[in-house]
Amino acid sequence: MSEKSTSMRDVFRETVLELAEKNPDIFVLTADVGVSFGFPTMKERIPKQTVETGIAEQNMVGIATGLAHSGKIPFVFAHAFVLSMRALEQIRTDVCYSNANVKFVGYCGGVAGGVLGNTHHALEDIGILKSLPNMSIIVPADGKEMGKAVRAAVEHKGPVYMRIGRSNEPIIYQNDYNFEMGKAVTLREGKDISLIATGLVVSEALKAADELAEEGIDARVINIHTIKPLDRETVIRAAEETRGIVTVEEHNLWGGLGESVATVIAEEKCVPVKRIGIPDTFVVIGAHPEILERYGITASNIADKAREIVS
Amino acid sequence: MVQDAELVKRLKKMAAFIRRDSIQMSLKAGCGHVGPGLSWTDICTVLFFHQLRIDPKNPDWLNRDRFILSKGHGCLPLYSALARKGFFPMEKLDTFCQLDSCLGGHPDCLAVPGVEISTGSLGHGLPIAIGMAIAAKSDNKKYRVITVMGDGELQEGTVWEAAMAAAHYRLDNLTGIIDCNKLEIDGPVKEVMNIEPLKDKWKSFGWYVEEMDGNDIEDILSTLERVFGYKEEKPRIIIAHTIKGKGVSFMENQVVWHYKAPDNDEARQAIREIDLALTKLK
Ligand SMILES: Cc1ncc(C[n+]2csc(CCOP(=O)(O)OP(=O)(O)O)c2C)c(N)n1
Ligand SMILES: [Mg+2]
């Protein structure tokens, strides 16, 4: 492998390996999905800092809690659906209630599982986890951002959930930039409309801004990588400086980024808000891009919603 | 036990057809859990083409046996068996994992006739089976509830919570079959997280335990006869020793074939091997 992979799962492995080889307190746990992110390599390089639990996600989160309460920094890797739902009570009561220093990586977030179908999608993970006190939630937009999120998660004291795709996510950041948990990144300035997106679909918001620019509509694009705590200031500024907001995410419209943004807008500064996401339904069988297309999580639909607000 | 040679031959043929369907479906889709499907194909065949009392014309028939594929990722042979039984047209198999298909990577009970419950998240089947078995008793129905689980799946805590409950409620109408192929995603089950001694575990939980060669039609036939004929008021479990990827030499016992589709050459080779096994039957 000459070229470095930009897949979030590979960036996760490489970043954690780099940190864990210097810091023996960093642990990695998985529940029989280690092959997905190169766990065998980690077992070789940091053998004493890896725990395989077999297919037992609740047990895995319990073990991580015990490790965290003994001064360790455990990274727990599993599908987003099993973490946020199967192991939910462990996450809420064992991890969040005692503010245990556990870091979660939710693999195949949203509908990245594609044809694996609804059992393997997680369109409610963010909504569920954002209602837990002490939990921070990061949805990186690309591999580079995932690397920064992992480093920030180690620095942060307390539980952090990072949601990633499956592999080969779009690349957003060509150059280095400043990443701070809880601070949104304005990828593109604009004064007519704000497109606020999170995760892989930030790429669609950027494409939509290009499309709108051709018509003379100046769209601001904001990447909210940290859904909790939310960067309220940046959202309020968007409301003050542009004519409205379109939110974009790979999540049920209930519970996700759009809901958080709309709440801030309702509380602080009313402007029109349109939300793009999955409309409270289990989704059809299809490849990942096909599913996004079906439910309008696309550049063209984002642009349409922006036009509706601006016109 | 003397068996009807014609029946055995018919089932062996059917198992080969189902294997062929599975290879073709995954080839066309470019994805699929091929190894996990091939592993329990012989069990699937005996269940659907000999044991299960089900009616493709009336999938919701109240007295039907209930079958739950708890290891939902192993759905390729299930789809093939349901189509070949007549639950839906064979052409549907060509749509496996295509946009808007009813046949996704894990079975969906609202979309596929003959599928009792949507599965894919491991460790869910046995508790649901218990609910159905309790309902059968409460309704004075004679139907049986059967579920197939993976051996790695037994690492889920819910399986053992259910194991306790089934014995507690003396569910003699419930049969679990463990597709014990000794592999899961991260490697051999005994290295990932040992589940042995399996037989002793189930016995101590109060179950009637049998073992069989889960890739041998004759053994499956006779073991199922024994298990369904067993009279004590206990739930039944069969530890089926199987080979992941069974029937295609280069897939057998290979972890990589857990989730991987054959390319054209591999599919051709696989079908050649399956057809060869078929001709030997004649
Ligand atoms: C609750 C849950 N955790 C993890 C997974 C991901 N997963 C799918 S198949 C599999 C391995 C299953 O191994 P086993 O039960 O032995 O079945 P086999 O494929 O060998 O038949 C895993 C971990 C899942 N589907 N559900
Ligand atoms: Mg197995």
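Everything numeric here is computed off the predicted structure, so don't read it as measured data.

Draft legend 1. How the structure looks around the site of ligand 1. In the neighbourhood of ligand 1, 25 residues make up the surrounding shell, with Glu57 of chain A together with Lys71, His73, Asp151 and Lys244 of chain B lying closest. Residue Glu57 of chain A places a side-chain N or O atom 2.7 Å away from a nitrogen atom belonging to ligand 1. Residue Leu122 of chain B places a main-chain N or O atom 3.0 Å away from a nitrogen atom belonging to ligand 1. For ligand 1, whose accessible area on its own is 590 Å², the fraction buried by protein is 99%.

Draft legend 2. The coordination of the magnesium ion (ligand 2), seen in detail. Residue and element names in this part refer to chain B. Binding of the magnesium ion (ligand 2) to the protein goes through Asp151 (OD), Asn181 (OD1) and Leu183 (O), at separations of 2.1 Å. Along the chain, the residues donating to the magnesium ion (ligand 2) fall in the pattern D-x29-N-x1-L. Here Asp151, found in the loop between strand S2 (145–150) and helix H6 (157–168), pairs with Asn181, found in the loop between strand S3 (174–180) and strand S4 (183–184); they are 30 residues apart in sequence, far enough to count as distant. Each of the two residues, Asp151 as well as Asn181, counts as buried.

Draft legend 3. Broad picture of the side chain of Ser121 of chain B. Along the chain, Ser121 of chain B turns up in the loop between helix H4 (75–85) and helix H5 (125–138). Its relative accessible area of 13% is what places Ser121 of chain B among the buried residues. Of the polar contacts made by the side chain of Ser121 of chain B, one reaches the side chain of Arg86 of chain A; its length is 3.3 Å. At a separation of 3.2 Å, a polar atom in the side chain of Ser121 of chain B contacts the side chain of His124 of chain B. Residues contacting Ser121 of chain B, with those up to four places away along its chain left out, are Phe81, Val82, Arg86 and Thr119 of chain A.

Draft legend 4. Examining the domain arrangement of chain A more closely. Residues and elements named next belong to chain A. Taken as a whole, chain A is organised into domain 1 (5–170) and domain 2 (185–310). Placing the centre of domain 1 and that of domain 2 at their C-alpha centroids yields a distance of 26 Å. With 31 residues of domain 1 at the interface, the matching set in domain 2 holds 29 residues. A combined buried area of about 2,200 Å² lies between domain 1 and domain 2, and 60% of that area is made up of carbon and sulfur atoms. Between Lys130 and Glu259 there is a salt bridge, with the nearest N and O atoms lying 3.2 Å from each other. The tally of links from domain 1 across to domain 2 stands at 19 residue pairs in polar contact (both at pLDDT 80 or more).

Draft legend 5. Molecular detail of the environment of Ile285 of chain A. Looking at where Ile285 of chain A falls in the secondary structure, it is placed in the loop between strand S12 (273–278) and helix H11 (288–294). With a relative accessible area of 12%, Ile285 of chain A lands in the buried category.

The rules behind each value
Residues numbered from 1 in each chain as written. Chains lettered and ligands numbered in written order. Predicted model: local features only at pLDDT ≥ 70, side-chain atom pairs only at ≥ 80, totals over all residues. Heavy atoms only, no water. Near = heavy atom within 4 Å. Polar contact = N/O pair within 3.5 Å; in protein donor to acceptor, adjacent residues only side chain to side chain. Areas by Shrake-Rupley, 256 points an atom, 1.4 Å probe, with all protein chains shown as cover. Donors = N, O, S within 2.8 Å, 3.2 Å for Na, K, Ca; no water. Helix = DSSP H or I, 4+ residues; strand = E, 2+ residues; numbered from the N terminus. Buried < 20%, exposed > 50% of the residue type's maximum accessible area, 1.4 Å probe, protein only. Contact = heavy atoms within 4.5 Å. Domains from an automatic or database assignment. Buried area = accessible area lost by both parts, 1.4 Å probe. Salt bridge = Lys/Arg side-chain N within 4 Å of Asp/Glu carboxyl O.

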